[in-house]
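Topology and contacts: notes
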Amino acid sequence: MSRALRILRAAEYRSMPWKNGGGVTTEIAVSPAGAALDDFDWRISMARVESGGPFSGFAGVDRTLAVLEGEGIILDIAGRPAATVTKASTPLSFPADAPTQAALIAGPITDLNVMTRRGRMTHAVERVVISAPTDIQSVADATLILCFDGEITVAGATPVRIGPRDTLLLGPDALKWRLEPARTATLFVIRIERVAAND
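Here is a short report on the structure shown in this document.

Definitions and cut-offs
- Residues numbered from 1 in each chain as written.
- Predicted model: local features only at pLDDT ≥ 70, side-chain atom pairs only at ≥ 80, totals over all residues.
- Heavy atoms only, no water.
- Pairing = 2+ DSSP bridges.
- Helix = DSSP H or I, 4+ residues; strand = E, 2+ residues; numbered from the N terminus.
- Axes fitted to C-alpha atoms, helices over the stretch in contact; angles between N-to-C directions.
- Buried < 20%, exposed > 50% of the residue type's maximum accessible area, 1.4 Å probe, protein only.

In this section: the sheet that holds strand β18 (residues 175–181). Overall, antiparallel pairing links the 4 strands, which are arranged β13-β18-β15-β16 in an open sheet. Looking along the sheet, the strands with just one partner apiece sit at the ends: β13 (134–138) and β16 (160–162). Within this sheet the neighbouring strands show an average axis-to-axis angle of 30°, counted without direction.

All right, on to unusual backbone geometry then. Residues apart from glycine generally show negative phi values, whereas peptide bonds are mostly found in trans. Here the bond from serine 31 into proline 32 is cis, since omega is -5°, no more than 30 degrees from zero. Tracing the sequence through the fold places proline 32 in the loop between β3 (24–31) and β4 (42–49). One non-glycine residue with positive phi stands out, namely arginine 165, at about 70°. When you line up the elements, arginine 165 lands in the loop between β16 and β17 (167–170). With a relative accessible area of 25%, arginine 165 lands in the partly exposed category.

Remember, this is a structural readout, not a statement about activity or role.
Structure representation (C-alpha cells):
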C-alpha cells in the first residue's frame, strides 16, 4: 500500500469524555499523534449528543460541525444569529472559543467535528454523495475521507475497501485517487492546510 495512504478503521477509533464532561466523543484522527485536547494542531471526531446544553470551549481553535445522524441541532453562537444544522445542510464553521449553546431539534444526533489550531492550520469540510467512480485529488497537507455510509473501494494495484465510518488519510502527494462505490455512498472530504509562516 502507498505510504501516501493510510486507512483508519472505525473499530480502532478512540473514545473519550467531552472536554466539558457532558458526553463521549470518538476521536477519528489527531495531529500530532496522541495530542491532548489543549495542544493538537488538528483533530477530527464524532460525538453522540443526547441533550441540549453548552458546547466545550477550545481557545484559539476553529471548528466545523456536520450532522451525521438524527434530525439536527440548533446552535446559538455568541455574536451570530442562531444556526440550524441538519443532515442535508452544509457543514457549519465557527470559532470553537465563541460561547455556544446547542438545542436538539428532535432527539439525539451524531455529529462530525473538525477542529484546527487558529494561525497554525486551516480546514474545509465537504459532504459528497457518490454513486459512480469519482476522483479525489490529495493536494492539501492532509486530506481525510470519512465514508459515513455505504462502501467504497480505492482503485489501485492493490485495491483497498473502505466500510462505513472508516476513514482514508491521504498525504500531500498531489495524487489522484479513484473511489469506486459499491452503491451510493456518503463521504465527508476534509482538507487540512498548514498556514504559511510569515517571513
